[in-house]
Amino acid sequence: MVLGGALSVQFGSAVAALLFPRSGVAGAVTLRLTVGAVLLLAVCRPRLRGHGRGDWAAAAAFGVALAGMNSLFYQAIERIPLGPAVTLEVLGPLALSVFTARRAASWACALLALAGVALLGQGGFDRLDPVGAALALGAGAMWAAYIVLSARVGRRFPGADGLALALTVAALLTLPIGVADAGAALLDPVVLALGGTVALLSSVVPYTMELFALRRLPTATFAVLMSLGPAIAALAGWLVLRQALTVAEVLAIGLVIAASVGAVRVSAAAAPHPAPR
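As a starting point, this report considers the structure included with it.

What counts and how
Residues numbered from 1 in each chain as written. Predicted model: local features only at pLDDT ≥ 70, side-chain atom pairs only at ≥ 80, totals over all residues. Heavy atoms only, no water. Helix = DSSP H or I, 4+ residues; strand = E, 2+ residues; numbered from the N terminus. Buried < 20%, exposed > 50% of the residue type's maximum accessible area, 1.4 Å probe, protein only. Areas by Shrake-Rupley, 256 points an atom, 1.4 Å probe, with all protein chains shown as cover. Axes fitted to C-alpha atoms, helices over the stretch in contact; angles between N-to-C directions. Parallel < 35°, antiparallel > 145°, perpendicular 65-115°, else oblique. Left-handed = near helix turned anticlockwise from the far one by under 90°. Contact = heavy atoms within 4.5 Å. Nonpolar A, V, L, I, M, F, W, Y, C, P; charged D, E, K, R; others polar. Phe/Tyr/Trp six-rings, centres within 6.5 Å; stacked < 30°, edge-to-face > 60°. Core = buried A, V, L, I, M, F, W, Y, C linked by side-chain atoms within 4.5 Å. Salt bridge = Lys/Arg side-chain N within 4 Å of Asp/Glu carboxyl O. Expected span 1.5 Å × (residues − 1). Bend = angle between axes of the 7 residues up to and from the residue. Polar contact = N/O pair within 3.5 Å; in protein donor to acceptor, adjacent residues only side chain to side chain.

1. Observations regarding the overall build of the protein chain
Each helix and strand counted, the protein chain has eleven helices and zero strands in total. Scanning the protein chain from its N terminus toward the C terminus, one meets helices and strands in the order α-α-α-α-α-α-α-α-α-α-α. Here the protein chain, with 277 residues, has 49% of them falling under the buried criterion. Entry remark: accessible area of the protein chain is about 13,200 Å², with carbon and sulfur atoms responsible for 69%.

Structural data, given as structure tokens:
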């Protein structure tokens, strides 16, 4: 599920690049979240009654994290290249993994992934726009919050109901800014079609997969797996765009994959086993 979600996000990012010139950054964020919310509400039809105050607070906080993560990241990649932006953003989940891991092996996996991500993003950081770098780091902090809140909401709501409600909150938060920035361009059929594709690939599919994955994985393990994002992006550039990989990048991808495999194995070893009958 995590791998499928990461692959979906990378294709969604490619489509989003086509959307930016037509709708602006804020407009693209609004379309992604609003169309995603409408799609999930139509599919899930979440039940509104029977939830406590804590349930609604968790869903609202999850929506704030979604709005912040998407808005900050899209603003960041308007100012700095995608590769360094993803590298800086993924530091949030990796930091979460280090802080929440309870075993030495989990810490080792997180540090191994951090080394791989650092290798992937090496070079060019001294030339980055400071505002763009700060926005990417802010997006990483919101990403860490997203992981924690997604797990919490997944436990409180059945299916993807909590995600549908959280996306609705995120859409309502970003809608005024998107309308003010893009205006009538949001109603253009081409823009709506691109926005729907981005919403499906970058929000609906990955967020749903990640929600279900977090019901099966500890947050520390899941956070390490998020480091697959930059590695998948680099591999996609090599396979699809014929972008050559350096020896350091190949080594970095190997470190990230090894860290992810190790994190899953550590998690499986730590899971309680059923008693023999």
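2. Side note on the packing of helix 2 (residues 53–77) against helix 7 (residues 161–182)
At their nearest, the axes of helix 2 and helix 7 sit 7 Å apart, and the two run at 55° to each other. On the basis of the axis angle, helix 2 is oblique to helix 7. Judged by the twist between their axes, the crossing of helix 2 over helix 7 is right-handed. In this structure, helix 2 uses W56, A59, A60, F62, G63, V64, L66, A67 and S71 to contact helix 7, whose residues at the interface are L163, L165, A166, L167, V169, A170, L173 and T174. Looking at the contact of helix 2 with helix 7 residue by residue, the classes come out as 14 nonpolar, three polar and no charged.

3. Points about the packing of helix 4 (residues 91–100) against helix 6 (residues 130–156)
Describing two packed helices takes the angle between their axes plus the distance from one axis to the other. Taken N-terminus to C-terminus, the directions of helix 4 and helix 6 make an angle of 50°; their axes are 7 Å apart at the nearest point. In terms of orientation, helix 4 and helix 6 fall into the oblique class. Seen along the crossing, helix 4 lies across helix 6 with a hand that is right-handed. Together, L91, G92, P93 and L96 of helix 4 and L137, G140, W143, A144, I147 and V148 of helix 6 make up the contact between the two elements. Here the contact of helix 4 with helix 6 is composed, by residue class, of eight nonpolar, two polar and no charged.

4. A word on the packing of aromatic side chains
Under the criterion given, the structure shown has three aromatic pairs. Aromatic side chains Y146 and Y207 sit 5.4 Å apart centroid to centroid with 50° between the ring planes, which places their arrangement in the tilted category. Remark: Y207 occurs in helix 8 (residues 189–213) and Y146 occurs in helix 6; sequence separation between them is 61 residues. Considered together, Y146 and Y207 belong to a single accessibility category, that of buried residues.

5. Focus: the nonpolar core
F62, L66, Y74, Y146, I147, L163 and L167 are the most contacted members of the largest nonpolar core, which has 79 residues in total. The element best represented in this core is helix 1 (residues 2–44), accounting for 13 residues. Residues contacting Y74, with those up to four places away along its chain left out, are A16, F20, V25, A28, V29, R32 and V198.

6. Some words on the pattern of salt bridges
Scanning the model with the defined rule gives one salt bridge in all. Between R156 and D55 there is a salt bridge; the shortest N-O distance is 2.7 Å. One end of the pair, R156, is in helix 6; the other, D55, is in helix 2, and 101 residues separate them in sequence. D55 gets classed as buried once you look at its relative accessible area, which sits at 13%.

7. Focus: helix 7
Owing to its 3.6 residues per turn, the α-helix aligns residues three or four sequence positions apart on the same side. For helix 7, which comprises 22 residues, the first-to-last C-alpha distance of 30 Å matches the rise-based estimate of 32 Å (1.5 Å per residue) to within 8%. Of all the bends in helix 7, the greatest, near 40°, is centred on T174, and the proline P176 appears no more than four residues after it. Where helix 7 is concerned, the buried positions are D161, G162, L163, A164, L165, A166, L167, A170, A171, T174, G178 and A182. Two residues or fewer past helix 7, G183 is found with a positive phi of approximately 60°.

8. A few points about the environment of L214
By secondary structure assignment, the location of L214 is in the loop between helix 8 and helix 9 (219–225). Since its relative accessible area comes to 7%, L214 is described here as buried. Remark: the alpha-carbon pair of L214 and V148, spanning 66 residues in sequence, is separated by 9.1 Å. For L214, the residues in contact, after removing those within four places along its chain, are I147, S150, A151, T219 and F222.

9. Things to note about unusual backbone geometry
Although it is not a glycine, R45 sits at a positive phi angle of roughly 45°. Looking at where R45 falls in the secondary structure, it is placed in the loop between helix 1 and helix 2. Looking at R45, the relative accessible area reads 70%, which means it is exposed.

10. A word on the side chain of S8
Among the secondary structure elements, S8 is positioned in helix 1. Classification of S8 by relative accessible area gives buried; the value is 8%. A polar contact of 2.5 Å, which involves the side chain of S8, links it to the backbone oxygen of L201. Residues contacting S8, with those up to four places away along its chain left out, are L200, L201, V205 and P206.

11. Section: the side chain of T208
Within the fold, T208 resides in helix 8. Setting aside its immediate chain neighbours within four residues, T208 contacts L40, A160, L163 and S203.

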